[in-house]
Amino acid sequence: MRGPSLTVGIEEEYQIIDPVTRDLTPGFDALVQSDFAQLADVKAELHQCQVEIGTKPCANIAELRDDLVKLRGLVIKAAGQHGLTIASAGTHPFSNWMNQEMTPKERYLGVQAELQDLAHRLLIFGTHVHVGIEDPEFRIDCLTAARYILPHILCLSTSSPFWFGRNTGLHSYRSIVFKNFPRTGVPRILNGWSDYEDLVDTLVKTRSIPNGSKIWWDVRPHHAYPTLEFRVCDVNTRVDEAVCIAAMLQAVVAKMWKLRRDNMTFRVYASDLIEENKWRAVRYGLGGKLIDFGKKEELPAAVLIRELIEWFLDDVLDELGTRKEVEYAFRILEEGSSAQRQLATYARTGDLRAVVDQLIRETAEGVCEPTLGPSLESHASPIGATPMHSAARGQSTA
């Protein structure tokens, strides 16, 4: 049997920020008119304050890092040419979605026409990781098994604790906003490629969707490319976090292939069980507990993430040459996810603009110099978040 190519690519959705107010601002059209010709390939999103980049399909994680660093740097520098800056997080700490301009392109106007206010409210930012799997049957087999690790990966990437100036008490509020869209969440167990094809065919023939691109599961077969696309993550703030997540997902696919090659398999669990773990990831992030379904007990998320790396993925990391990148997850466990760092900054400063500044700095970390605005001390009063119960301030009660 011939194994999958395991090519890897990543798409990231960024916030376009006014560095003076720290608020979101419509800047996509200005950004693509910069001096950087390479930015001709960046994509618009539903709102004019968003921009999406996508790496090429990369042969390995080292190549992915190089491409991602280049693209992040180009976007940050292009924004700086127009007095703007870039932040990478699943939600903006205080911007109001009702004040944002929609992108007047046919694709997005169609989404808005179909989903109405749900589309306008979708002021969220995610990461999509593609891993090359040429065999469609293994693509579905891998999807079905890999659903199990989606909450573990989400815990590491949580970066959206604030929404509309509120401390939501959740670590991935982006996941809650996106859940309002149809055809989202953890997919059901699929019985082979023909089962998936029949689903898409039925939805297309009944004019529910034009093609598979409107199936927005947390992991899905891409409708146009021979990849498995993981969509569960908030956008990662630091580039090292993004590379770590991509490396982990590539390793998961490699391990699933290795099991299949050796006539073994990974136990498949019902979607409602995985959704239970996803809720825990959304609510508590790395500070909570996930369920070990085999043992039928809950354990700290950090313990199960370490087990995923040290026990399940360990034997493929050196083959892939990604041990360093995957084990960066241990640093995330020690220093906290982006959501935890944002909550800590707000607890220290009481100012959501300080959270935005932190995001701007971390987005540029290891890439280029950030574009920062004037000191917050020049402003009369901070922008505070609506208070929440103390248990919601990043502390787990799980």
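An account of the accompanying structure is given in this report.

Quick notes on the rules
- Residues numbered from 1 in each chain as written.
- Predicted model: local features only at pLDDT ≥ 70, side-chain atom pairs only at ≥ 80, totals over all residues.
- Heavy atoms only, no water.
- Salt bridge = Lys/Arg side-chain N within 4 Å of Asp/Glu carboxyl O.
- Helix = DSSP H or I, 4+ residues; strand = E, 2+ residues; numbered from the N terminus.
- Buried < 20%, exposed > 50% of the residue type's maximum accessible area, 1.4 Å probe, protein only.
- Polar contact = N/O pair within 3.5 Å; in protein donor to acceptor, adjacent residues only side chain to side chain.
- Contact = heavy atoms within 4.5 Å.
- Phe/Tyr/Trp six-rings, centres within 6.5 Å; stacked < 30°, edge-to-face > 60°.

## Structural notes on the pattern of salt bridges
Right, so step 1: Tallied over the entire structure, the rule returns 31 salt bridges.
Right, so step 2: Salt-bridge contacts for D240 lead to R65; the nearest nitrogen and oxygen are separated by 2.8 Å. Of this pair, D240 sits in helix 9 (residues 239–261) while R65 sits in helix 2 (residues 61–81), and the two are 175 residues apart along the sequence.
Right, so step 3: The partner of D314 in a salt bridge is R323, and the shortest N-O contact between them spans 2.9 Å.
Right, so step 4: With relative accessibility at 22%, the residue R323 sits in the partly exposed group.
Right, so step 5: One connected set of salt bridges, linked through shared partners, spans R238, E241, R331, E335, R341, E362 and E365.

## Brief notes about the side chain of R220
Right, so step 1: In this fold, R220 is placed in strand 9 (residues 219–221).
Right, so step 2: Looking at R220, its side chain comes within polar contact range of the side chain of E229, at 2.7 Å.
Right, so step 3: In this view, R220 contacts L143, G212, S213, I215, T227, L228, E229 and R231; residues no more than four positions away in its chain are not counted.

## Notes on helix 6 (residues 150–157)
Right, so step 1: Of all eight residues in helix 6, eight are buried, a share of seventy percent or more.
Right, so step 2: Along helix 6, the positions that sit buried rather than exposed are L150, P151, H152, I153, L154, C155, L156 and S157.

## So, the environment of I189
Right, so step 1: Looking at the secondary structure, you find I189 in the loop between strand 7 (184–185) and helix 8 (193–205).
Right, so step 2: Sequence-wise, I189 and A270 are 81 residues apart; in three dimensions their C-alpha atoms are separated by 7.3 Å.

## Overview of the packing of aromatic side chains
Right, so step 1: Within this structure, the stated rule accounts for 13 aromatic pairs.
Right, so step 2: On the basis of an interplanar angle of 35 degrees and a centroid distance of 5.4 Å, the ring pair of Y148 and Y269 is categorised as tilted. Of this pair, Y148 sits in the loop between helix 5 (136–146) and helix 6 while Y269 sits in the loop between helix 9 and helix 10 (271–284), placing them 121 residues apart in sequence.
Right, so step 3: Judged by its relative accessible area of 13%, Y148 is buried.
Right, so step 4: Ring plane angle 75 degrees and centroid distance 5.9 Å describe the contact between Y148 and F293, whose orientation is recorded as edge-to-face. Of this pair, Y148 sits in the loop between helix 5 and helix 6 while F293 sits in the loop between strand 11 (289–292) and strand 12 (297–300); the two residues are 145 residues apart in sequence, bridging distant segments of the chain. Taken as a pair, Y148 and F293 share a single burial class, namely buried.

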